[in-house]
Amino acid sequence: MKRMKFFPLLASVMMLVAMSLTSCKSNKQPAPDAEQDSIPEALAGVVGLEKYKTKLDYSKDECWLEKPDSITKNVDVFFIYPTVTGFRDPVQICEITDSELVAGAKEVRQIQTSVFDESCNVFMPYYRQISMPKPGTDYSTVTNYLSGFDATDALDYFLTHLNQGRPFILAGHSQGASTLINLLENYMTKHPEALKRMIAAYPIGYAVTKDFLARTGLKFAEGATDTGVIVSWNTEGLANKDTKNCTLAPGGISINPINWKRDDTYAPVKENLGSLTIEGKLVTPGIADARVDTVRGSVVVTTVDAKLYAIPGDAAALFGPESYHRYDYGLFYNNIKKNIADRIAAFMKK
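Not measured: the values here are computed from a predicted model. (Residues numbered from 1 in each chain as written. Predicted model: local features only at pLDDT ≥ 70, side-chain atom pairs only at ≥ 80, totals over all residues. Heavy atoms only, no water.)

**A closer look at the nonpolar core**
Link 1 in the chain: Counting 89 residues, the largest nonpolar core has Phe116, Leu170, Leu184 and Phe332 as its most contacted members.
Link 2 in the chain: Setting aside chain neighbours within four positions, we find Phe116 in contact with Val77, Phe79, Ile169, Ala171, Tyr329 and Ile340. (Core = buried A, V, L, I, M, F, W, Y, C linked by side-chain atoms within 4.5 Å. Buried < 20%, exposed > 50% of the residue type's maximum accessible area, 1.4 Å probe, protein only. Contact = heavy atoms within 4.5 Å.)

**Here's the deal with the pairing of strand S4 (residues 76-80)**
Link 1 in the chain: Burial runs high along S4: five of the five residues are buried.
Link 2 in the chain: Burial along S4 is two-sided: the residues Asp76, Phe78 and Ile80 and Val77 and Phe79 are all buried.
Link 3 in the chain: Pairing of S4 with strand S6 (residues 121-125), which is carried by three bridges, proceeds in the parallel orientation. Residue Phe78 lies in a different strand from S6, and its bridge partner there is Phe123.
Link 4 in the chain: Sheet analysis places S4 next to strand S8 (residues 168-173), joined by five bridges and oriented parallel. Across the sheet, Phe78 pairs through a bridge with Leu170, a residue of S8. (Helix = DSSP H or I, 4+ residues; strand = E, 2+ residues; numbered from the N terminus. Pairing = 2+ DSSP bridges.)

**Some points on the environment of Gly274**
Link 1 in the chain: By the secondary structure assignment, Gly274 is in the loop between strand S14 (252-253) and strand S15 (275-276).
Link 2 in the chain: Once the C-alpha coordinates of Gly274 and Asn335 are considered, the two residues, 61 residues apart in sequence, prove to be 7.0 Å apart.
Link 3 in the chain: When neighbours within four sequence positions are excluded, Gly274 is seen to be in contact with Leu282, Val283, Thr284, Pro285, Gly286, Gly330, Leu331, Phe332, Tyr333, Asn334 and Asn335.

**Re helix H4 (residues 150-162)**
Link 1 in the chain: Three or more residues of H4 are buried, namely Asp150, Ala151, Asp153, Ala154, Leu155, Phe158, Leu159 and Leu162.
Link 2 in the chain: Where H4 ends, the next residue or the one after it, Gln164, has phi of about 55°, a positive value.

**Notes on the packing of aromatic side chains**
Link 1 in the chain: The final tally for this structure, using the stated rule, is 16 aromatic pairs.
Link 2 in the chain: Pairing Phe123 with Phe158 gives two aromatic rings, centres 5.1 Å apart and planes at 55°, and the pair type is tilted. With a gap of 35 residues between them, Phe123 in strand S6 and Phe158 in helix H4 connect regions that are remote in the sequence.
Link 3 in the chain: By relative accessible area, which is 0% here, Phe158 ends up buried.
Link 4 in the chain: Site record: aromatic cluster; members linked through ring pairs are Tyr58, Trp64, Phe78, Phe123, Phe158 and Phe168.
Link 5 in the chain: One residue, Arg343, lies across the ring of Trp260, its end atom 5.8 Å from the ring centre. (Phe/Tyr/Trp six-rings, centres within 6.5 Å; stacked < 30°, edge-to-face > 60°. Lys NZ or Arg CZ within 6 Å of the ring centre and 35° of its normal.)

On their own, these measurements won't tell you what the molecule is for.
This is the structure we're talking about:
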C-alpha cells in the first residue's frame, strides 16, 4: 500500500483534484426548516450553513469516497474522516467539491482507514465539514448540530441500502469522531435492530464521557474483545499535563491501544506491534509506549519525538504543546488492526 505523509487533522494539501461532484446534490430534498431555525449560538459567524438546506443524495456514487463494487468480507466499516480543511477565516462549511477536502479525505483513506482493510468492506462517505473552529468554540454543540445533516443521511443510507444486514463497525477521527459520538446517541440508540449488529464503534480522537454513557446506555470497552462497545482514546505527551486540550472533557475515558486496559497499567514500546512514522512508513515494533491518565482521560506517550509528532503552530492553542492527536491511529497502527480482527472474531463466536 502506498503511504503518504500523514496530516489528517491540519491538511495543507497542495494537490489540485479535478473532480466534479455536483450531481451528488438533490434539490428535491431540502433540510427541514425547523433544523435551520435552531442554529446554536456556537455557530454564529460560520459561513455556509445555508448549504445544508440542500441534502446530499447518497444514492449517488459521487457522494462516496469509497463504496465497494463487490463485497468480499463478512463485516463492513463506516468511516467518518477528520477535519481536513484546516483553519479558514472566516470559519466555514466546506463543500465536498472543495479540493483540499477531497485530497485530505483521500489521504485519510490511505492512512487511517486502511487499518480496516484486512477485515472489513470499507464505506467512506463524503460530508460537508466545518473548517477548524476558533479557540474556545463549544465544539460538541457544533458537531451535534452538524451531524444531523450529511452524516446522519449517509449512515441511514448505508444501513438501509448498502449494509444488507452484515455486522459492522463505525469509526472516525477528530471531527469525524465527535460526529460519530453524536450519531451513536441520536441515531443508533433509536435503531436498536442495527445496534445489535454493531461490533464496535471507534470514535478515536474525541472525548467519550461518563455522562454520555449514562445518558445513552451505551458501553465503553473494558478489554480487547468485548463487542457492542465504544473504543476510544486521545493521545498526548507529558508536557500536556494540566494544559487545555480540546479533545478532552471532564469525565472523559480512554482505553490503552496497546494493552487494551482502562487502568494506568503501562504498556512499553516492545508491546507496540507497529507504528506509522510521519512519512507514513510502517515500522515494527512500533515507536510509542502508552499509559492511560485516568484523571485527564487521555493516553500518555513518552517515547516519540515531540518536535516531529506534536501538533505545531497555532493549533497548539487548541490541543496543548504536546498533543499527538494527528497520530491517534498511526502510533498504534498494527495494534488497532489486530484489535479489529479480535473483536470481529469475538462477535462472530456469539
